[in-house]
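Tertiary structure, described
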Amino acid sequence: MGRKIEQWALLIGVIVLLASCKNRPRSLKLDPATEARAQAWKSDRMGCDGVRTDEMGAALAQAFQGTQVSPDGIEDRLGEPEFTQVRNGLKVYGYYYWAECVDGTIPDGTVYCVLEFFFESDSGRLKEAGVVCG
């Protein structure tokens, strides 16, 4: 009888361990060039210093697309987003670039681009990443 209890306890322990690991985000590994782009992006808040470029935004969108990166993971890599919003049931993180800044802000009517990440609201999974200019 004691052996059966030990086996059940072991089985329950394994199930609990597997269940607790299931939802943990994986550590995202990026190639050195993408890491360098991410660090440069992070250093240029709102794109006011001109470090953020269209090529860089497109490369970062492509690098993160198809990964299981979380909103926190994006923020860790690229810095705090310039805006967050909910659009069509998706949580959106947006990062400006190619903007003409005045005193660290983007004046109304200024043309700029945005690197956007769309996350599923319930699971937090990255659904899409892309660049929009206008």
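Here we come to the state of the cysteines. Note on terminology: a disulfide is the covalent bond linking the sulfur atoms of two cysteines. Within the structure shown, the criterion is met by two disulfides. Across the disulfide, C48 is cross-linked to C101 (sulfur-sulfur distance 2.0 Å). Negative torsions about the S-S bond denote left-handed disulfides, and the value of about -85° found for C48 with C101 makes this one left-handed. Placement of the pair is C48 in the loop between α2 (32–43) and α3 (54–64) and C101 in the loop between β2 (90–97) and β3 (113–120), with a sequence separation of 53 residues. In this structure C101 comes out as partly exposed when scored by relative accessible area, which is 25%.

Interhelical geometry of α2 versus helix α4 (residues 71–78) gives an angle of 80° and a closest axis separation of 7 Å. One way to sum up the angle between α2 and α4 is to call them roughly perpendicular. Where α2 abuts α4, its residues E35, A38, W41 and K42 lie against D76, R77 and L78. Along the lines of polarity and charge, the residues of the contact of α2 with α4 split into three nonpolar, no polar and four charged.

Once that is clear, we can look at α2. For α2, built from 12 residues, the straight-helix expectation of 16 Å at 1.5 Å per residue is met to within 8% by its first-to-last C-alpha distance of 17 Å. Residues of α2 that are buried sit in contact with α3, α4, β2 and β3. Of the residues that open α2, the one with a side-chain oxygen 3.1 Å from the backbone nitrogen of A33 is D31.

Structurally, T34 can be placed in helix α2. A distance of 2.8 Å separates polar atoms of two side chains, one belonging to T34 and the other to D31. If sequence neighbours within four positions are ignored, T34 has contacts with L60 and A63.

Rules used in this analysis
- The numbering scheme is per chain: residues are counted from 1 as the chain's sequence reads.
- Side-chain atom pairs in this predicted model are given and counted only at pLDDT of 80 or more, local residue features only at pLDDT of at least 70, and totals for whole chains, interfaces and linings cover all residues.
- Hydrogens and water molecules were not included; the side-chain quantities draw on all heavy atoms of the structure.
- In this description, a disulfide is simply a cysteine sulfur pair whose atoms lie within 2.5 Å.
- In this description a helix means any DSSP run of H or I spanning at least four residues, a strand means any run of E spanning at least two, and both kinds are numbered starting from the N terminus.
- The cut-offs for exposure are 20% and 50% of the maximum accessible area for each residue type, with area from a 1.4 Å probe on protein chains only; residues under the lower value are buried, those over the upper are exposed, and the others partly exposed.
- Fitting a line to C-alpha atoms yields each axis, with helices limited to the stretch in contact; the angle taken between N-to-C directions then spans 0 to 180 degrees.
- In this scheme, roughly parallel covers angles under 35 degrees and roughly antiparallel covers those over 145, while 65 to 115 is roughly perpendicular and the rest are oblique.
- Contact definition: two residues touch when any of their heavy atoms are within 4.5 Å.
- Throughout this entry, Asp, Glu, Lys and Arg are counted as charged residues, while Ala, Val, Leu, Ile, Met, Phe, Trp, Tyr, Cys and Pro are counted as nonpolar. The remaining residues, Gly among them, count as polar.
- Multiplying 1.5 Å by the helix residue count minus one yields the expected span of that helix.
- Polar contact is the term for a pair of N or O atoms within 3.5 Å; when the atoms are in protein, one must be able to donate a hydrogen and the other to accept it, and sequence-neighboring residues count only if both atoms are side-chain atoms.

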